[in-house]
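Topology and contacts: notes
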Amino acid sequence: MQLHTFLFSCSLILLCTLSLHSHSQPHHFISKYHSQHPLPNGPKESIEVTNPPFTHQPTPSCSQQVLHHSFANTIDTPPYSTPYLPPFDCPPPWSRVLLHFHAKTKGEQYDRIAAIWLNGVELLRTSTAEPSNSRIFWNIHKDITKYTSLLIQSNLNLTMMLENYINTEFTGVYHVTVTLLYYYENTVTIPFNRSSIRSLVEEVKVPDSKRLKELPADLIIPVSENGKRGFWFRLEKERDLRVKRIRIPRNTYKAVLELYVSFHGNDEFWYSNPPNSYIKTNGLTTGRGNGAYREVYVTIDGEVVGSEIPFPVVFTGGINPLFWEPIVAIGAFNLPSYDIELTPFLGKVLDGRRHVFGIGVSKGLSFWLVNANLHLWLDHESSIVHANRVVRHGPKTDVQRQEEFRGLNGEFHVAAEKNTLVTGWVLSSSGNVTTVVSKGFSFTNFIKFKSNGTYKIVKQRFKARKLVKVSDNKGEMISKLRVKRKYPLRVITVTEPGLGDRYKLVSNFSHGFIERYEGKGIMNSISNVQESKGWINVKGHSVLNGRASTKQNYSHVDKSRCYNRNVAADNGRIVTDNSDFICENSL
């Protein structure tokens, strides 16, 4: 993933030598190869297989284009900003808001990381498809209803960062259009004035001691940079901790931190990095070390209050770019964000003073792009809410490492686990409410080099669980939310010699994103598994030719519907695409 430089750097591969082992790490490529098989005329669509296609969505009540811009020579320039106003002919309140991101390009170009912020609050983290000389386009639809408290405001800046470089070789300009789609629950139009918005907010957001409704936050505060080079913090070193001082309103009764993360440079393939001892012993010059474990953590006034193992997103130039034509890797167009429940920690911050919120990455190397949105729910019937933490059990992550190698061959194991428990109460105008958050995860990573480092296998497993329970002062349950996630991953690469500085890279790759939410009246399950295999002939950073296939199985189930899609691509074209809305367990 290229951001601040268009040159392919030796730091992106394990070795900068002529040995075959220099190509055994996952790579970042640009594809100059064009399939010999005929493809349809006209622009070609890149897709990320996710929720049902937009054609299955209801017709929006209204829409407005909020951004239209071409990103050409944008490296080392400020991000693009444009004013945002709610639609005049479709005033709030809305029941739902979708962001539609449309991009198109033509010409050679690397893939690029990008993000969209509203008043410094991140709405979307994305990366681009990697174009060849053909015209390509893609669409992203993301539900942004949870940002309603911002979307109803006027005179805000909508900002997009996409650093790109144009010269005689890399000619691809990214043309981006962003449209917001607004929905009403019914056809009744509510006049747009501050009193009607306020009455709606007060009606639906004041906490009830018997039932807490999951509605958008009243206030969203960015934990981010100043915006001159985008609002993300850039972490360059292992001990980097980027901070922002924030004053929390004293009538806050609930807080959730939404964390956005992406990894690049020496950590783009962090899950395949060998330990530093292996690099040093073999006299390697790569900067891609520190082993294969990363944990993103959040602090308040120096205390760690939450952490996440990020989903290993592969960008469209990664491993084998032919894998991602036209089906991109899971999360490549819509990177996941991570919610950290901070309500039990409100006792630390409801004193009217500024507090230091920080974000860091354990063992992180250059570079990571991180920022967060702090979602706050306010008690409109009280100016001050009281809170305190009762129980806190938050040990450091237990990380075990084993390594055994001789020369360029060896095996490396990393295992990590963590279990935390925090309980806190909040006394608002609706009574005393206690929130209990228990979290845990297990992580294993195995790397093996064989055949003088020309064969490499990476196997990684991650399982996480989270339970959030909310009860009143009588101990009666108000709400309960259980979340489970799994990120299985496997990468196998074999390097074969070619003529001169050319080589052949054979790869097999599989990964999955499996998630389940369960609570009162809530059930949401996603199973998204992808498998790719193929080969490429490479010179430098360019793919000369090759062949690849990708197949994917996506399933989504909630209280109201089921959706399944099986899709497969071979040599750059879709060969299978079947979908249905049938629940297997509906009988």
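Residues numbered from 1 in each chain as written. Predicted model: local features only at pLDDT ≥ 70, side-chain atom pairs only at ≥ 80, totals over all residues. Heavy atoms only, no water.

1. Let's talk about the nonpolar core
Soluble globular proteins tend to bury their nonpolar side chains together. Residues Phe101 and Leu342 are the most contacted members of the largest nonpolar core, which totals 133 residues. Each residue touching Phe101, except ones within four places of it in the same chain, is listed here: Ile116, Leu124, Thr126, Trp138, Asn139, Ile140, Met160, Val176, Thr177 and Val178. (Core = buried A, V, L, I, M, F, W, Y, C linked by side-chain atoms within 4.5 Å. Buried < 20%, exposed > 50% of the residue type's maximum accessible area, 1.4 Å probe, protein only. Contact = heavy atoms within 4.5 Å.)

2. Some words on the packing of aromatic side chains
Overall, the coordinates contain 25 aromatic pairs when judged by the stated rule. Centroid distance Trp270 to Tyr271: 5.7 Å. Interplanar angle 75 degrees. Geometry classified as edge-to-face. For the pair shown, Trp270 and Tyr271 are each scored as buried. Across the ring face of Tyr183, the terminal group of Arg96 is positioned such that the distance to the ring centre comes to 5.5 Å. If you follow Lys254 out to its NZ or CZ, it ends over the ring of Trp377, 4.6 Å from the centre. (Phe/Tyr/Trp six-rings, centres within 6.5 Å; stacked < 30°, edge-to-face > 60°. Lys NZ or Arg CZ within 6 Å of the ring centre and 35° of its normal.)

3. Digging into the confidence of the model for the protein
The predicted model of the protein averages 88 in pLDDT, with 88% of residues at 70 or higher. Here residues 2-23 scores under 50 on pLDDT; set against residues more than four positions off or in separate chains, the count is 71 contacts. When the criterion is pLDDT under 50, residues 187-213 qualifies, and its contacts beyond four places in sequence or with other chains add up to 44 contacts. (pLDDT = per-residue confidence, 0-100.)

4. Notes on the state of the cysteines
Following the criterion strictly, the structure yields two disulfides and no others. Across the disulfide, Cys562 is cross-linked to Cys583 (sulfur-sulfur distance 1.4 Å). Looking along the S-S bond of the Cys562-Cys583 disulfide, the torsion reads about 90 degrees, which is the right-handed sense. Of this pair, Cys562 sits in strand β30 (residues 562-570) while Cys583 sits in the segment after β31 (573-580), and the two are 21 residues apart along the sequence. (Disulfide = S-S within 2.5 Å. Helix = DSSP H or I, 4+ residues; strand = E, 2+ residues; numbered from the N terminus.)

5. What about a positive patch on the surface?
On the surface, a cluster of positive charge is contributed by Lys459, Arg461, Lys463, Lys469, Lys480, Arg482, Lys484, Lys486 and Arg490. Of all the secondary structure elements, the ones that give two or more residues to the positive patch are β24 (455-472) and β25 (477-486). Looking at the secondary structure, you find Lys463 in strand β24. What makes Lys463 partly exposed here is its relative accessible area of 48%. (Patch = residues over 30% accessible without salt bridge, like charges linked within 9 Å, V, L, I, M, F, W, Y side chains within 5 Å. Areas by Shrake-Rupley, 256 points an atom, 1.4 Å probe, with all protein chains shown as cover. Salt bridge = Lys/Arg side-chain N within 4 Å of Asp/Glu carboxyl O. Lys, Arg positive; Asp, Glu negative; His and termini not counted. Charge placed at Lys NZ, Arg CZ, Asp CG, Glu CD.)

6. Regarding the sheet that holds strand β4 (residues 80-84)
Taken together, four strands build an open sheet; the order of strands is β4-β9-β6-β7 and the sheet is antiparallel. For this open sheet the edge positions go to β4 and β7 (121-127), each flanked by a neighbour on one side alone. Averaged over all pairs of adjacent strands, the angle between strand axes in this sheet comes to 15 degrees, irrespective of strand direction. Pairing between strand β6 (residues 113-118) and strand β9 (residues 156-162): five bridges, direction antiparallel. Across the sheet, Ile116 pairs through a bridge with Met160, a residue of β9. (Pairing = 2+ DSSP bridges. Axes fitted to C-alpha atoms, helices over the stretch in contact; angles between N-to-C directions.)

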